[in-house]
Amino acid sequence: MNDLLYWLDLFGIMVFSLSGALMAGRYKLDPFGVVVLASVTAIGGGTIRDVILQTPVFWVVQPIYLYVILTTALLTIILIRQPKLIPKRFLLIADALGLALFAVLGTQKSLALGSPLPVAIVMGTITGVAGGMIRDVLCNVIPMILQKEIYALAAILGGGLFVFFHLLGWSENEATITAILGALLLRLAAIYWRVSLPAFDIIEKDNK
């Protein structure tokens, strides 16, 4: 992993940790709960990806990721004392940034490990969405990926763009930054204009 990817990965960990910590604040969890929620949000998707790909789990090999999570969670507790005063959109934006970063970086890592192109995109999507799913389930909230939100689609776009630019022969850094921006813009546009996929709604007949 080159320097840019490494720092983007750490930044993604920080952003997703912040997202998890803010969610914990909304549900009035204790400090341990904040750290747990920040941790599962930040490393949940990458852990599942690495286990599936049968490669050493990234945070086990490099504990610095755990230090970043712990520092972010503690700073959130100290500096943000009233999470309810923070606009919900801020939480969504932080989550969107983490989603875009991890979807692309997960795809890049999977390709580097020799995964076929479709598998790499799936692994990138898992990296981007699984941590947030675990976070939402722990908070007894329906995960955004299962709602009408354009969420997984943004992750798939990010991974797909990276693969496309990779096939075009772009440099790794150019492909990564452009794909991240593409996924992020789609997710932010969906948040701002409240664009969503149509819901699957079964209308039951009245037997009366």
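Now for a look at the structure at hand. All residue numbers refer to positions counted from 1 along the written sequence of the respective chain. Under the rules for a predicted model, residues below a pLDDT of 70 receive no local features and side-chain atom pairs below 80 are neither given nor counted, while totals for whole chains, interfaces and linings still include all residues. Derived side-chain values reflect all non-hydrogen atoms in the structure, with water molecules and hydrogen atoms excluded from consideration.

## Some words on the pattern of salt bridges
Opposite charge on two side chains allows them to pair when their charged atoms are near. When a carboxyl oxygen of Asp or Glu is within 4 Å of a side-chain nitrogen of Lys or Arg, the pair counts as a salt bridge. In the structure shown here, the tally under the stated rule is four salt bridges. We note a salt bridge from R49 to D50, for which the minimum N-O separation is 2.9 Å. For the pair R49 and D50, one class covers both residues: buried. Here R135 and D136 are joined by a salt bridge, their closest N and O atoms 3.0 Å apart. The same class applies to R135 as to D136, namely buried. By sharing partners, the salt bridges in this structure join R49, D50 and K109 into a single network. Remark: exposure states derive from per-residue accessible area (1.4 Å probe, protein chains only) relative to the maximum for the residue type, with buried under 20%, exposed over 50%, and partly exposed in between.

## Let's talk about helix α4 (residues 64-79)
Helix numbers and strand numbers start at the N terminus; a helix is a DSSP run of H or I with at least 4 residues, a strand a run of E with at least 2. Expected span of a helix, by definition, is 1.5 Å for each gap between consecutive residues, and there is one gap fewer than residues. If you check α4, its first and last C-alpha atoms are 22 Å apart, about what 16 residues at 1.5 Å a residue would give, namely 22 Å. Those residues of α4 not exposed but buried are Y65, V68, I69, T72, A73 and T76. In an axial view of α4, the angular spread of the buried residues amounts to 125°, which keeps them on one side of the axis. For this analysis, residues touch if any pair of their heavy atoms sits within 4.5 Å. Residues of α4 that are buried in the fold lie against α1 (3-26), α2 (31-52) and α3 (58-61). This arc corresponds to the set of directions leading from the helix axis out to the C-beta atoms.

## A word on unusual backbone geometry
Notably, Q54 is not glycine yet its phi reads approximately 55°, a positive angle. Tracing the backbone shows Q54 in the loop between α2 and α3. For R194, which is not a glycine, the phi torsion comes out positive at approximately 55°. As for its placement among the helices and strands, R194 is situated in the segment after α8 (172-192).

## Considering the packing of α2 against α4
The axes used here are C-alpha line fits, helices contributing only the stretch in contact, and every angle between their N-to-C directions lies in the interval 0 to 180 degrees. In the contact formed by α2 and α4, the axes pass within 9 Å of each other and the chain directions differ by 135°. Here α2 lies oblique to α4, going by the angle between them. Between α2 and α4 lies a crossing whose hand is right-handed. Taking contact as the criterion, the partners of P31, V34, V35, A38, S39, A42 and I43 in α2 are, on α4, L66, I69, L70, A73 and I77. An angle below 35 degrees is read as roughly parallel, one above 145 as roughly antiparallel, one from 65 to 115 as roughly perpendicular, and any other as oblique. Here a crossing is called left-handed whenever its near helix is offset anticlockwise from the far helix by less than a right angle, and right-handed whenever the offset is clockwise.

## Here's the deal with the environment of D95
Mapped onto the elements of the fold, D95 is located in helix α5 (residues 88-112). Put simply, D95 and V129 are 34 residues apart on the chain and 9.6 Å apart in space, counted from C-alpha to C-alpha. Each residue touching D95, except ones within four places of it in the same chain, is listed here: F16, S19, R135, M144 and Y151.

## Some words on the side chain of D136
Within the fold, D136 resides in helix α6 (residues 117-138). Those residues within four positions of D136 in sequence are excluded, and the remaining contacts are M23, V141, I142, P143 and M144.

## Some points on the packing of aromatic side chains
Aromatic pairs are defined between Phe, Tyr and Trp rings, using the six-membered ring for Trp, whenever the two ring centres lie within 6.5 Å; interplanar angles under 30 degrees are classed as stacked, those over 60 as edge-to-face, and all others as tilted. In total, this model carries six aromatic pairs according to the counting rule given. With centroids separated by 5.7 Å and ring planes inclined at 55°, the aromatic side chains of F164 and F165 adopt a geometry described as tilted. With a centroid separation of 4.1 Å and 10° between ring planes, the pair formed by F165 and W170 is classed as stacked. Look at W170 and you get partly exposed, because its relative accessible area is 35%. An aromatic cluster is present here, built from F164, F165 and W170 joined pairwise through their rings.

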